[in-house]
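Summary of the model geometry
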Amino acid sequence: MPSNSGRSTLATIAASAGVSVATVSKVLNGRTDVAPATRSLVQSLLQEHGYVARRSRRARTAAPATVQVEVASDLCTYSAR
């Protein structure tokens, strides 16, 4: 069942599957240390509940993209001519 906010959580999926939140997390992250039958059950429950993962903390705090600029010109250390 979805939580009060209408959004399914890892805990909701874990309770439905009879596994730990850590196991559901392992399935979501593609870890190989989950039994195939358990993986299949958790994946089907994730789909059934319409679970949508939040962006990870790592993704939210990732450094912005870097742009490299190449200048084909004679440049001095302190100024461009």
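Before reading on, note that the structure itself is shown above.
To continue, consider the overall build of the protein chain. In terms of regular secondary structure, the protein chain is built from four helices and zero strands. In the protein chain, which comprises 81 residues, the share counted as buried stands at 17%. Of the accessible surface of the protein chain, which amounts to about 6600 Å², a share of 52% is contributed by carbon and sulfur atoms.

Put simply, helix 1 (residues 10–17) and helix 3 (residues 36–48) touch, their axes get as near as 10 Å, and they point 130 degrees apart. By the angle class used here, helix 1 and helix 3 are oblique. At the point where helix 1 passes helix 3, the crossing takes the right-handed sense. Residues Ile13, Ser16 and Ala17 of helix 1 form the contact with helix 3, whose participating residues are Leu41, Val42, Leu45 and Leu46. Here the residues of the contact of helix 1 with helix 3 are counted per class, giving six nonpolar, one polar and no charged.

Before going further, it helps to examine the pattern of salt bridges. According to the stated counting rule, one finds two salt bridges in the structure shown. Between Lys26 and Asp33 there is a salt bridge, with the nearest N and O atoms lying 3.4 Å from each other. One salt bridge connects Asp33 with Arg31, and the closest N-O pair in it is separated by 2.7 Å. Taking the relative accessible area as the measure of exposure, Asp33 reaches 42% and is therefore partly exposed. By relative accessible area, Arg31 is classed as partly exposed at 41%. Overlapping salt bridges bring together Lys26, Arg31 and Asp33 as one network.

Quick notes on the rules
- Residues numbered from 1 in each chain as written.
- Predicted model: local features only at pLDDT ≥ 70, side-chain atom pairs only at ≥ 80, totals over all residues.
- Heavy atoms only, no water.
- Helix = DSSP H or I, 4+ residues; strand = E, 2+ residues; numbered from the N terminus.
- Buried < 20%, exposed > 50% of the residue type's maximum accessible area, 1.4 Å probe, protein only.
- Areas by Shrake-Rupley, 256 points an atom, 1.4 Å probe, with all protein chains shown as cover.
- Axes fitted to C-alpha atoms, helices over the stretch in contact; angles between N-to-C directions.
- Parallel < 35°, antiparallel > 145°, perpendicular 65-115°, else oblique.
- Left-handed = near helix turned anticlockwise from the far one by under 90°.
- Contact = heavy atoms within 4.5 Å.
- Nonpolar A, V, L, I, M, F, W, Y, C, P; charged D, E, K, R; others polar.
- Salt bridge = Lys/Arg side-chain N within 4 Å of Asp/Glu carboxyl O.

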